[in-house]
Amino acid sequence: MSQIALYLFAVLMMMAAYFDATRFTIPNWLCGLVALTFVVAVPFSGLGWSELGLHALTGFAALLLGMLLFATGTLGGGDAKLIAAAALWFGWPDTGWFIGFTALAGGGVALLLLTLRRTVPMLPVPGGWIEGSALEDGAPVPYGIALAAGALIVLPGHAFFAGV
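Everything numeric in this text was worked out from a predicted model, so none of it was measured. (Residues numbered from 1 in each chain as written. Predicted model: local features only at pLDDT ≥ 70, side-chain atom pairs only at ≥ 80, totals over all residues. Heavy atoms only, no water.)

Focus: unusual backbone geometry
Look at the link from Trp92 to Pro93: it is a cis peptide, with omega at 10 degrees. If you trace the backbone, Pro93 turns up in helix H4 (residues 77-119). Notably, Phe24 is not glycine yet its phi reads approximately 55 degrees, a positive angle. Looking at the element boundaries, Phe24 is found in the loop between helix H1 (2-23) and helix H2 (28-41). (Helix = DSSP H or I, 4+ residues; strand = E, 2+ residues; numbered from the N terminus.)

And the structure:
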């Protein structure tokens, strides 16, 4: 069951990256499903009550952080909810690693988009291809890509899946 949970979490995070990259939104149902699959996986995880409480507390703290970043306009609402749902899976201290790798990946995504936004319009691309995409000047950065990257980097070494 742990292997199924591991793969499902990874697939859900990749789905979030896809939705954010193509639609600039992470659906609420997807964030809810990430959190719900954690709840379903807990009985098979071997987590004790104190560890489970720490996972819940970490998820709540991540939700507060996400709300703060949303309020300042740094992140979108879906990103904030996805951070909290993923933090449920990682607990403490692995959520720190998740956020750190996410920040690094976010910087990489932003640099890539800045570079592409400067070079792609100079290429002979069909009219209307750039409008509405992440390559359009002023378009938001799909941070769901960075969240998925951070999660996938931390996940293989995470203690929750030590027995997998």
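There is more to say, and it comes next.
Overview of the layout of surface pockets
Looking at the largest pocket, its volume works out to about 220 Å³. Around the largest pocket, the lining is made up of 15 residues, and of these Leu75, Gly76, Asp79, Val141 and Tyr143 lie nearest the centre. It is H4 that provides the largest number of residues to the lining of the largest pocket, a total of 5 residues. Looking at the lining of the largest pocket residue by residue, the class counts come to 7 nonpolar, 6 polar and 2 charged. Considering only enclosed or pocket space, the second largest pocket measures out at about 160 Å³ in volume. If you go around the second largest pocket, the residues you meet are Leu65, Leu69, Thr74, Leu75, Ile83, Phe98, Ile99, Thr102, Ala103, Tyr143 and Leu147. Put simply, the parts of the chain that give the lining of the second largest pocket at least two residues each are helix H3 (49-71) and H4. Element by element, the count of residues in the lining of the second largest pocket is highest for H4, at 5 residues. (1 Å grid on protein atoms, 1.4 Å probe; cavity = no way out; pocket = protein on both sides within 12 Å on 5 of 7 lines; lining within 4 Å. Points joined across faces, edges and corners; volume = space filled by probe spheres on them. Nonpolar A, V, L, I, M, F, W, Y, C, P; charged D, E, K, R; others polar.)

Topic: the packing of H2 against H4
Running from N to C, H2 and H4 cross one another at 10 degrees; their axes reach a closest spacing of 9 Å. Taken as axis vectors, H2 and H4 run roughly parallel relative to one another. Contacts from Asn28, Cys31, Val34, Ala35, Thr37, Phe38 and Ala41 in H2 reach Gly78, Lys81, Leu82, Ala85, Ala86, Leu88 and Trp89 in H4. Counted by class, the contact of H2 with H4 contains 10 nonpolar, 3 polar and 1 charged residues. (Axes fitted to C-alpha atoms, helices over the stretch in contact; angles between N-to-C directions. Parallel < 35°, antiparallel > 145°, perpendicular 65-115°, else oblique. Contact = heavy atoms within 4.5 Å.)

Some details on a nonpolar patch on the surface
A cluster of nonpolar residues, Leu54, Leu57, Phe60, Leu64, Met67 and Trp92, forms a patch on the protein surface that exposes about 650 Å² of accessible area. Structurally, Phe60 is set in helix H3. (Patch = residues over 30% accessible without salt bridge, like charges linked within 9 Å, V, L, I, M, F, W, Y side chains within 5 Å. Areas by Shrake-Rupley, 256 points an atom, 1.4 Å probe, with all protein chains shown as cover. Salt bridge = Lys/Arg side-chain N within 4 Å of Asp/Glu carboxyl O.)

Topic: the nonpolar core
Ranked by size, the top nonpolar core spans 35 residues in total, and within it Phe9, Met13, Leu82 and Phe90 carry the most contacts. Sorting elements by how many residues they give to this core places H4 first, with 10 residues. (Core = buried A, V, L, I, M, F, W, Y, C linked by side-chain atoms within 4.5 Å. Buried < 20%, exposed > 50% of the residue type's maximum accessible area, 1.4 Å probe, protein only.)

Points about the packing of H4 against helix H5 (residues 144-154)
One way to put it is that H4 packs onto H5 with a least axis distance of 6 Å and a crossing angle of 115 degrees. As H4 runs across H5, the sense of the crossing is right-handed. Taking contact as the criterion, the partners of Asp79, Leu82, Ile83, Phe90, Asp94, Trp97, Phe98, Phe101, Thr102, Ala105, Gly106 and Val109 in H4 are, on H5, Gly144, Ile145, Ala146, Leu147, Ala149, Gly150, Ala151, Ile153 and Val154. Residue composition of the contact of H4 with H5, by class: 15 nonpolar, 4 polar and 2 charged. (Left-handed = near helix turned anticlockwise from the far one by under 90°.)

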